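Residue-level listing of the chains:
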Amino acid sequence: LDPERGLSLSIARVVQRLQGSSLHSQLERQARVSLHKPEIKLESLKEDIKDFLKTSGWEKKLQNAVYSELSVFPSPCHPAAPPEHIKEPLAYMRKAQGSWEKRILKSLNSMCTELNIPLAQKRPVNEQKELLNKWNEMGTDEPDLSLFRPVYAPKDFLEVLMNLRNPNYENGEQPSFRNHLGLIQVPLKVKDIPELKEDFSELGLNIGQLGIDDSAQVPPEFFENEHVRVGQKVLAEQDSAAAQQYVRQGCPTALRADLWALILNISNQPEDILYYEQLKSNVIQHDLLVDSLIYKDVKLTASNDDYYFVFEDYLYQVLLCFSRDTSVLEHFTYSSATPPKSYIRGKLGMEEYAVFYPPNVNYNSFILSVAPLCFLYHEPSKLYQIFREMYVRFFFRLHSISSHPSGIVSLCLLFETLLQTHLPQLFYHLREIGAQPLRISFKWMVRAFSGYLATDQLLLLWDRILGYNSLEILAVLAAAVFAFRAVNLMEVTSLAAAEAVLADLSTLKVMPLLQIFLFATVT
Amino acid sequence: FKIMAGKVKWVTDIEKSVLINNFEKRGWIQVAENEDWNFYWMSVQTIRNVFSVETGYRLSDDQIVNHFPNHYELTRKDLMVKNIKRYRKELEKEGSPLAEKDENGKYIYLDFVPVTFMLPADYNLFVEEFRKNPSSTWIMKPCGKAQGKGIFLINKLSQIKKWSRDSKTSSFVSQSSKEAYVISLYINNPLLIGGKKFDLRLYVLVSTYRPLRCYMYKLGFCRFCTVKYTPSTSELDNMFVHLTNVAIQKHGDDYNHIHGGKWTVSNLRLYLESTRGKEVTNKLFDEIHWIIVQSLKAVAPVMNNDKHCFECYGYDIIIDDKLKPWLIEVNASPSLTSSTANDRILKYNLINDTLNIAVPNGEIPDCKWNKSPPKEVLGNYEVLYDEEMAQSDGTDRDLRSRPGQSTGGKGSRARDSGKPVLTTWK
């Protein structure tokens, strides 16, 4: 596809998506209002209106919206490509994802049959009232959840990934140093350190970073003060692209909430708040099986976390709404997943009574990706929107099988390749003692390290996810952690001992680890 | 002439592993209370006996104890308030700018204790104040108890009729400390996080009161209530909503044994910086340091600055929704029980760092030393206020807003000469 054709296709697609959006109508309204202004002259109407939109900041808003569309949706491939190819170009990946989904759905359905609970049903009125009353403190409820089993565990998902094979690729050689020794056996292209150094150039040794150059021993005049000043300027300009570039060096804590909202193009308009309230009323009116699974999961994970337990109630609110949010279905055009859809009992086929099951339906990684956001946003509808946007841009890729460079399969392969290439002795040793490194690091990556790192470190890491619009940094960090603890790991003789060495990441400082691994290790 | 020369001999009334492990790891030797000892970790009852006039106990130069003889001037709720009120009046009389008041008659810099009265002695004064705000809620606390025992909330005068009667009967009978209560204006607009109320527990070590030298432990924590906070009057009786003491929360249905409802102070700072901004967060922490030092200055003149003593206090502070910190009380014997694994580690380290400062090099102490430990032994403590330093060279060895950093700020002779630089201490 030649670049010009690709460009015009992109433009057409962005125009199509923004047409009819609320931004579109606001721009129209602004243009109409501007007609009353003296500087708008009939002879140069078009130019004058354009100038007006520029000076009043509306052009910037449009820019941000376009930027957002380009960041989220993949560039179009051939115009004749069928929709499945946009979801996932590789047939065998699509097939694997399809089987995995079938498995989950089967498990869900059998749970429903066993417990005699429908997937979705309308709540009786008195229950609705009760739920509305305790909307802000669902954490105090103690329903009997003992019968609900987790639909699957991270290990199960890893097994599926390990068994992926490309039927067109035959590697007849015996495993050896020249082959890949890890668990992932599909030939996806992953980056090597020189390429990563280029991609993550702003993390280089001679560039200031938050997470390194703002530590107590460094006088703030060296870097921190100036960086904060620039951040404030970026916010004043309200420029999404500039913000994304800026956060590569980390966000000052006081500016982070606004910067992330700017990058994700979330402005919490009245219609957004209304939408959230609508979702909330859907939760009140209908009871979903998945609600109990979410409930159980929050109880097990976030409630027991040193940092997140305080926000337990917010987690219920966000997640219960999320599972009813059919606007999320839009992102499935570029995700390999196709979520199982269900209808409220008795309303089969009626779209307004449709609910969908996100593919990671009880995976506690889901919860852990909401919890850190509670440190930044305490207004429920804004928290919800930020989470939803983070999910449809990034986190969904951790739970579905695809060939995307930020997909979990690629991340696993990137991790293993980095480790095998740069710490071959360690990799070989761990493999020999039955402690394949991916078995340990999988859970970190699939949760984007949430629940493992200290919150301030996690937020610094997620700054870079947003800044680089990619999850590859998770794999790099995982490898860097192994490199950091290599000496101890070389001495262990069992998987359990290896797990123990890597059990506690709460004291790790993320940015120095990344910097050393990428820029200061002799390769 | 000591047989085991060089080994510190210790006694304790408080059989807690965080203490004993620390003594043993220093190779100290346990002895009985009636033997020759160098270090005695006393309970508050023992300290009362040791320093009481009747026993005439004399401590020798190589003996150290962990309480000041009249610590209750700070740690009893009624005496703390009395001393702070007295301190404020003295400053006012001197014409010190620290005692400046605003147009409503409230102290600008020294209003950090909620309005408090002693009962039954101040009953009438209390009623006058109560009637100014009849919809206010007040908290009744017994003077001599701890761990949240005996505390209750009232919002009607009828609920404390008993003290009204008592105040009328005999005005000169001194109340035994067991029956005296303080009644304070209840802070019904606490800062909430996740909808939950919390308070701050900070540890402060005082090695001497004159000159005042105190250290703040960097690893304080927030204690959360398990139930969502509501100022609604129907929940006044639900102590799980209102009292953050772990001893009370522990028995709530939702109490969680893994995290014990606690956050580190650095978590709090991260949350506040992220949601409220850096300046107001720094201001809040500066104010917290300020009120701790002011409370110590208030009692310094009446404290028996016995050179055999040091003390590690547990400060309880509540932050309201305008980010103003309030001093609730000071504990002489902060709990050394651990509710979670993290807690155990924290308290172990707290004792360790405390001993490093109070008993230099872990050797037999000489209480005539200058009580100026080198910076390296502070561990997780930071100098909060060093009166000698402040006066000698005009630079304050006190905390900067950034955690983990203690630099000589730009001099504040200011605080001692009376010109306050309140938003930061620099």
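This is a predicted model, so every value here is computed, not measured.

Novice: Which residues make up the overall build of chain A, and what are the values?
Specialist: In terms of helices and strands, chain A carries 25 helices and four strands. Taken over 523 residues, chain A has a buried fraction of 54%. For chain A, contacts bridging at least 24 residues in sequence account for 78% of all contacts bridging at least 6. As displayed, chain A has an accessible area near 23,600 Å², and 54% of this comes from carbon and sulfur atoms.

Novice: Got a sec to walk through the overall build of chain B? Specific residues and values, please.
Specialist: Helices and strands together make up the secondary structure of chain B, namely 13 helices and 16 strands. Out of the 426 residues in chain B, the part that is buried amounts to 57%. Across chain B, contacts joining residues at least 24 apart in sequence account for 68% of those joining residues at least 6 apart.

Novice: Give me the packing of aromatic side chains: which residues, what numbers.
Specialist: Evaluated as defined, the whole model comprises 42 aromatic pairs over all chains. Residues Phe322 of chain A and Tyr391 of chain A carry aromatic rings whose centres are separated by 5.0 Å and whose planes lie at 75 degrees to one another, so their mutual orientation is edge-to-face. Here Tyr391 of chain A lies in helix H17 (residues 380-393) and Phe322 of chain A lies in helix H15 (residues 312-322), a separation of 69 residues in the sequence. The exposure classification of Phe322 of chain A matches that of Tyr391 of chain A, with both residues buried. Considering the side-chain rings of Phe126 of chain B and Trp138 of chain B, the 4.9 Å spacing of their centres and the 85 degrees angle between planes classify their relative orientation as edge-to-face. In this pair, Phe126 of chain B is assigned in helix H5 (residues 123-132) and Trp138 of chain B in strand S6 (residues 138-142), connecting sequence segments 12 residues apart.

Novice: Tell me what's going on with the pairing of S6 of chain B, and back it up with residues and numbers.
Specialist: Residue and element names in this part refer to chain B. In terms of burial, S6 is largely enclosed, as five of its five residues are buried. Side chains Trp138, Met140 and Pro142 of S6 all project onto a buried face; the interleaved residues Ile139 and Lys141 project onto the opposite face, where all are buried too. Two strands pair when backbone bridges link them, and S6 and strand S7 (residues 152-154) are joined in this way by three bridges, in the antiparallel orientation. Along S7, the bridge assignment pairs Trp138 with Ile154. Alignment of S6 against strand S8 (residues 181-185), held across five bridges, turns out to be antiparallel. For Ile139, the partnering residue across the bridge sits in S8 and is Ser184.

Novice: Report on H5 of chain B, specifying residues and quantitative values.
Specialist: All names here are of chain B. Listing the buried residues of H5 in full gives Tyr123, Phe126, Val127 and Phe130. Along the axis of H5, the buried positions cluster into a sector of 100 degrees, meaning they face one direction only. Along H5, exposed side chains directed more than 90 degrees from the buried face belong to Asn124, Glu128 and Lys132.

Novice: So, the interface of chain A and chain B: which residues are in play, and what are the values?
Specialist: Between chain A and chain B, the contact holds 29 residues from the first and 26 residues from the second. Between chain A and chain B the total buried area reaches about 2,400 Å² when both faces are included, carbon and sulfur atoms providing 53% of it. Area buried by chain A at its contact with chain B is led by Phe309, Val310 and Phe375 of chain A, which between them contribute 25% of it. On inspection of chain A and its partner chain B, the count reaches two salt bridges. Between Glu224 of chain A and Lys278 of chain B there is a salt bridge whose closest N-O contact spans 3.7 Å. Class assignment of the residues belonging to the side of chain A that touches chain B gives a composition of 13 nonpolar, eight polar and eight charged.

Novice: Outline the nonpolar core, listing residues and values.
Specialist: Counting residues in hydrophobic clusters, the biggest one holds 215 residues, and the most contacted among them are Tyr209 and Leu296 of chain B. Residues contacting Leu296 of chain B, with those up to four places away along its chain left out, are Leu74, Val204, Val206, Tyr209, Leu212, Cys214, Tyr313 and Tyr315 of chain B.

Novice: Describe the domain arrangement of chain A, and please don't skip the residues or the numbers.
Specialist: Residues and elements named next belong to chain A. For chain A, the domain assignment lists domain 1 (3-76) and domain 2 (86-108 + 120-136 + 267-371 + 378-390). On the side of domain 2, seven residues touch domain 1, which itself brings seven residues to the contact. Interface area for domain 1 against domain 2, summed over the two sides, is near 460 Å², with a carbon-plus-sulfur share of 50%. The interface formed by domain 1 and domain 2 includes zero salt bridges. At the junction of domain 1 with domain 2, the criterion picks out one residue pair in polar contact (both at pLDDT 80 or more). Elements supplying a minimum of two residues to the side of domain 1 that touches domain 2: helix H2 (22-34) and helix H4 (58-72). Classifying every residue of the side of domain 1 that touches domain 2 by side-chain character gives three nonpolar, three polar and one charged.

Novice: I'd like a rundown of the sheet that holds strand S2 (residues 29-30) of chain B, residues and numbers included.
Specialist: Residues and elements named next belong to chain B. The strand order across the open sheet formed by four strands is S2-S1-S3-S4, and the pairing between neighbours is parallel. Each end of this open sheet is capped by a strand with a single partner; those strands are S2 and strand S4 (64-65). Here three bridges tie strand S1 (residues 9-12) to strand S3 (residues 39-41), and the two strands are oriented parallel to one another. Across the sheet, the residue bridging to Val11 is Tyr40, located in S3. Of the strands in this sheet, S1 and S3 are in contact with helix H1 (residues 17-25), which crosses S1 at around 175 degrees.

Novice: Lay out the sheet that holds S6 of chain B with the relevant residues and their values.
Specialist: All names here are of chain B. Taken in spatial order, the four strands line up as S5-S8-S6-S7 in an open sheet, and their pairing is antiparallel. The outermost strands of the open sheet, each flanked by one partner alone, are strand S5 (116-119) and S7. Neighbouring strand axes in the sheet, compared pairwise and without regard to direction, differ in orientation by 30 degrees on average. The sheet contacts of helix H4 (residues 77-94) involve S5, S6 and S8, and relative to S5 the element is tilted by about 130 degrees. Against the sheet, H5 engages S5, S6, S7 and S8, with an angle of about 140 degrees to S5.

Novice: Lay out a nonpolar patch on the surface with the relevant residues and their values.
Specialist: Residues and elements named next belong to chain A. On the surface, Leu7, Ile11 and Val15 cluster together into a nonpolar patch covering about 270 Å² of accessible area. Structurally, Val15 is set in helix H1 (residues 3-18). Classification of Val15 as partly exposed rests on a relative accessible area of 44%.

Novice: Tell me about the domain arrangement of chain B, and name the residues and values.
Specialist: Examined at the domain level, chain B breaks down into domain 1 (9-72), domain 2 (76-111), domain 3 (115-156 + 179-186) and domain 4 (197-398). Using C-alpha coordinates to define each centre, domain 1 of chain B is positioned 35 Å away from domain 2 of chain B.

Novice: Outline the environment of Glu94 of chain B, listing residues and values.
Specialist: All names here are of chain B. For Glu94, the position within the fold is in helix H4. The exposed category is assigned to Glu94, whose relative accessible area is 61%. C-alpha separation for the pair Glu94 and Ser136, spaced 42 residues apart in sequence, amounts to 34 Å.

Novice: Let's hear about the side chain of Glu101 of chain A: which residues, and what values?
Specialist: All names here are of chain A. One can find Glu101 in helix H6 (residues 91-115). For Glu101, a relative accessible area of 13% puts it in the buried group. Other than its neighbours up to four places away in sequence, Glu101 contacts Ser336, Ala337 and Thr338.

Novice: Lay out empty space enclosed by the protein with the relevant residues and their values.
Specialist: All names here are of chain B. Inspection of the entire model under this criterion finds eight cavities of 30 Å³ or more. One number sums up the size of the second largest cavity: a volume of about 90 Å³. Lining the second largest cavity are Ile64, Ser207, Tyr215, Lys307, His308, Cys309, Phe310, Ile357, Ala358, Trp369, Lys371 and Pro373. When its residues are assigned to classes, the lining of the second largest cavity shows eight nonpolar, two polar and two charged.

Novice: Please provide a residue-by-residue account of unusual backbone geometry, values included.
Specialist: Note that the residue after Leu119 of chain B, namely Pro120 of chain B, is joined by a cis bond; omega there is 5 degrees. With respect to the element layout, Pro120 of chain B can be found in the loop between S5 and H5. Residue Pro211 of chain B is reached from Arg210 of chain B by a cis peptide bond, and omega for that bond is 0 degrees. Along the chain, the position of Pro211 of chain B falls in the loop between strand S10 (196-209) and strand S11 (212-217). Even without a glycine there, the phi angle at Phe449 of chain A is positive, about 65 degrees. Among the secondary structure elements, Phe449 of chain A is positioned in the loop between helix H20 (437-446) and helix H21 (455-468).

Novice: Please set out the packing of helix H18 (residues 408-422) of chain A against helix H22 (residues 472-484) of chain A residue by residue, giving values where relevant.
Specialist: Residue and element names in this part refer to chain A. One way to put it is that H18 packs onto H22 with a least axis distance of 8 Å and a crossing angle of 35 degrees. Read as a crossing pair, H18 and H22 show a hand that is right-handed. Contacts between H18 and H22 pair Leu411, Leu414, Phe415, Leu418 and Leu419 from the former with Glu472, Leu474, Ala475, Val476, Ala478, Ala479 and Phe482 from the latter. Among the residues forming the contact of H18 with H22, the class breakdown is 11 nonpolar, no polar and one charged.

Novice: Tell me about the packing of H21 of chain A against H22 of chain A, and please be specific about residues and values.
Specialist: Residue and element names in this part refer to chain A. Between H21 and H22, the shortest axis-to-axis distance is 9 Å and the interhelical angle comes to 140 degrees. By the angle between their axes, H21 is oblique relative to H22. Every residue of H22 that contacts H21 at Leu461, Arg464 and Ile465 is listed here: Ile473, Leu474 and Leu477. Of the residues belonging to the contact of H21 with H22, the class tally is five nonpolar, no polar and one charged.

Scoring rules and cut-offs
Residues numbered from 1 in each chain as written. Chains lettered and ligands numbered in written order. Predicted model: local features only at pLDDT ≥ 70, side-chain atom pairs only at ≥ 80, totals over all residues. Heavy atoms only, no water. Helix = DSSP H or I, 4+ residues; strand = E, 2+ residues; numbered from the N terminus. Buried < 20%, exposed > 50% of the residue type's maximum accessible area, 1.4 Å probe, protein only. Contact = heavy atoms within 4.5 Å. Areas by Shrake-Rupley, 256 points an atom, 1.4 Å probe, with all protein chains shown as cover. Phe/Tyr/Trp six-rings, centres within 6.5 Å; stacked < 30°, edge-to-face > 60°. Pairing = 2+ DSSP bridges. Arc of directions from axis to C-beta. Buried area = accessible area lost by both parts, 1.4 Å probe. Salt bridge = Lys/Arg side-chain N within 4 Å of Asp/Glu carboxyl O. Nonpolar A, V, L, I, M, F, W, Y, C, P; charged D, E, K, R; others polar. Core = buried A, V, L, I, M, F, W, Y, C linked by side-chain atoms within 4.5 Å. Domains from an automatic or database assignment. Polar contact = N/O pair within 3.5 Å; in protein donor to acceptor, adjacent residues only side chain to side chain. Axes fitted to C-alpha atoms, helices over the stretch in contact; angles between N-to-C directions. Patch = residues over 30% accessible without salt bridge, like charges linked within 9 Å, V, L, I, M, F, W, Y side chains within 5 Å. 1 Å grid on protein atoms, 1.4 Å probe; cavity = no way out; pocket = protein on both sides within 12 Å on 5 of 7 lines; lining within 4 Å. Points joined across faces, edges and corners; volume = space filled by probe spheres on them. Left-handed = near helix turned anticlockwise from the far one by under 90°. Parallel < 35°, antiparallel > 145°, perpendicular 65-115°, else oblique.

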